[in-house]
Amino acid sequence: MKILIVEDEKVSALVLRRTLQKLGHEVTLAENGACAWQRLLTEEYRLVISDWMMPEVDGLELCRRMRQNQSEGYTYFILLTAKDNREDRLIGMAAGADDFLIKPMDEQELVARLQVAQRILTMQEELHERSLQLANTLQEMESAHRLVRKMNQALESEHQALTNANRKLQTLASADSMTGLANHRTFQEQLRNEVARAVRHDVPLTVLMLDVDHFKKYNDSHGHPAGDEVLKSVARLLKETLRTEDFTARYGGEEFAAILPLTVLESAQTFAERFRSAVASYDFPNQQVTVSIGLAEYLSGEDTPESLITKADHALYAAKHSGRNRVFLATDLPFVKDEPQTSLSVLTEGKGFASGRISNRWGNLEGLLQEPVEHILAGVFSILETRQAESQGHSQRVVQIALRLGQEVAQHEVAQIDPGVMREIALGSLLHDIGKTTVSPEILHKTSPLTLDEQEQLRNYPLMGIELLENFPMLAPGLAIIRHQHERWDGGGYPDGLAGEAIPLAARIFSIANAFDTMCHERPYQSAQSYEEAQDEIIRYSGSQFDPNIVRAFLGVPLSEWDALLHGKTPQTLDDYLPKAA
């Protein structure tokens, strides 16, 4: 409570202030009645404790002035006096005093008087509040008749305005502001509905994924405004070429997607070729623009919305990696049409990849990689681990951790995990650091703070990894993790600023596995943390950096099991983590 003490005896004033401050009150001192009156004119106090006898303006006069000038609220006034007879008390009460304290002051009596004052002030406030409420209610009742008449007159126009506003808000929430097509979130919702309809009525459904070829180079050459115009033109051509019943969306960046209901793969290919040709022949201002397209058809009893997108995305990567400006069908992909019968084992012995074949240490990869690629990757990994000696074995461990976490996600039913997603996790985790071969060793090993230019080089390594592998369609399943390994659940990551479930599931799982292994091992820029500390750090960033649902699945695995995986004590193969048939 804010209290003003008015006392010309300094010792008594200081004693009283110390007592009140010990009781938790905010106390101000005034050395006489004149000073106190000036303070009351400029500040509000809940309680005034004033000596009766003072020169010039005594306690009675101060109380009279305060009562005459008080307009809002109520200030409780206690007279501090040596007088203790009935006549003096009547005089004090007539001046407006609420209570009295007899000198010398007793601390227990002071506490009791303050409690009385607090109760009265609380009641005063409640009464004041109720008075205001009654006044407002009366005013509202007096205005009700006029308001009802006006509201009836304006009801139709208000309703129309609200309808228009809701329609506009719905459009803003569901549409991409640049192209006018549906946004990523709306596409995901529509795809779930269409897959449910395909399941319910046993009808065909095809998904189309497309990407503007060499769009980054176009932006670099002609500027982002010109690039934006390309995206708008591609969106318009897509809308014009496909049917009215088809659902088109901007998937993200330079990627677009479409849902073709009641459409088999062969018919969808016709529409896709028509659109590809329309883009290739369109007169863009600066240079010719082409698109690559991937198509995937829903297979009854096998596909989920996620796996359907994954298949179309893999077909899109294959179209880009086989020359661009073409349409590729998911059924033409070897890793879709012919499921590999071999396992992706995880390296548990030795260091590095050195030279020679990597299949002996990572399981038989022939079902996933072609022979020439094995030799290329062996050399790349050798360079990578030579330049990052402190992280030898990191990729191998992360594969194990990420696969185990993917298995836990499936068991907790956090998300739909199928063999395709597990292969994305395995291959992406294995390849995630491959772009670091393009980064200067001095930057990788630097222990002091990086410059802005060095930070930019390091931030770009995922995109450089994509460029390194873009000519190998069989590596397409791993590209989602490579590109999106630094996206954040809250949208604050890079390179695309994706948020929430817009980030590929495999990348969300990988980010936790990668962070856990990184924190638990020594690096030039950090000391190793205990498993408990690393776990606490992951919990801390749940909902900001990491998917909170996947964090809960991560916490479901005992630390003893993580310890075994981090030390390679329980080597597993990809097949060990895949869902078992009933």
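Reference entry: report on the structure contained in this document.

Thresholds applied
- Residues numbered from 1 in each chain as written.
- Predicted model: local features only at pLDDT ≥ 70, side-chain atom pairs only at ≥ 80, totals over all residues.
- Heavy atoms only, no water.
- Pairing = 2+ DSSP bridges.
- Helix = DSSP H or I, 4+ residues; strand = E, 2+ residues; numbered from the N terminus.
- Axes fitted to C-alpha atoms, helices over the stretch in contact; angles between N-to-C directions.
- Salt bridge = Lys/Arg side-chain N within 4 Å of Asp/Glu carboxyl O.
- Buried < 20%, exposed > 50% of the residue type's maximum accessible area, 1.4 Å probe, protein only.
- Contact = heavy atoms within 4.5 Å.
- Right-handed = clockwise from strand over helix to strand, strands pointing away.

Let us look at the sheet that holds strand S8 (residues 255–261). Across the sheet, which stays open at both edges, the 5 strands sit in the order S7-S8-S6-S9-S10 with mixed pairing between neighbours. Pairing within the sheet leaves two strands with one partner each, and these edge strands are strand S7 (247–252) and strand S10 (327–329). The average undirected angle you get between the axes of adjacent strands in this sheet is 20 degrees. In this sheet, strand S9 (residues 291–297) lies alongside strand S6 (residues 205–212) in antiparallel orientation, the contact comprising 7 bridges. Looking at S9, one finds that Val207 is bridged to Ala296.

Our next topic: the sheet that holds strand S2 (residues 26–30). Reading across the sheet, the 5 strands line up as S2-S1-S3-S4-S5 and stay open at both edges, with parallel pairing between neighbours. In this open sheet, the two edge strands, each paired with only one partner strand, are S2 and strand S5 (99–102). Here the strands of the sheet are splayed against their neighbours by 20 degrees on average, with no regard to which way each runs. Judged from the 4 bridges that link them, strand S4 (residues 76–81) and S5 form a sheet pairing that is parallel. Within the sheet, the bridge partner assigned to Leu80 lies in S5 and is Leu101.

This part is about the pattern of salt bridges. Pairs can form between side chains of opposite charge once their charged atoms are near each other. Counted according to the given criterion, the structure contains 29 salt bridges. Among the ionic pairs, Asp213 bridges to Lys320, the shortest N-O distance being 3.5 Å. You can see Asp213 sitting in the loop between S6 and helix H7 (215–222) and its partner Lys320 sitting in helix H10 (residues 305–321), a full 107 residues away along the chain. Just as Asp213 is buried, Lys320 falls in that class too.

This part is about the side chain of Glu194. Take Glu194: it is sitting in helix H6 (residues 184–201). Judged by relative accessible area, Glu194 falls into the buried class, the value being 11%. Here Glu194 is in contact with Leu205, Ile259 and Pro261, once residues within four sequence places are set aside.

Attention shifts here to the pairing of strand S1 (residues 2–6). With respect to burial, S1 is a largely interior element, 4 of its 5 residues being buried. As judged from the 5 bridges shared by S1 and S2, these two strands associate in the parallel manner. Residue pairing in the sheet places Ile5 in a bridge with Leu29 of S2. On the question of chirality, the crossover connecting S1 to the parallel S2 by way of helix H1 (residues 10–22) is right-handed.

Shape is all these values report; function is a separate question.
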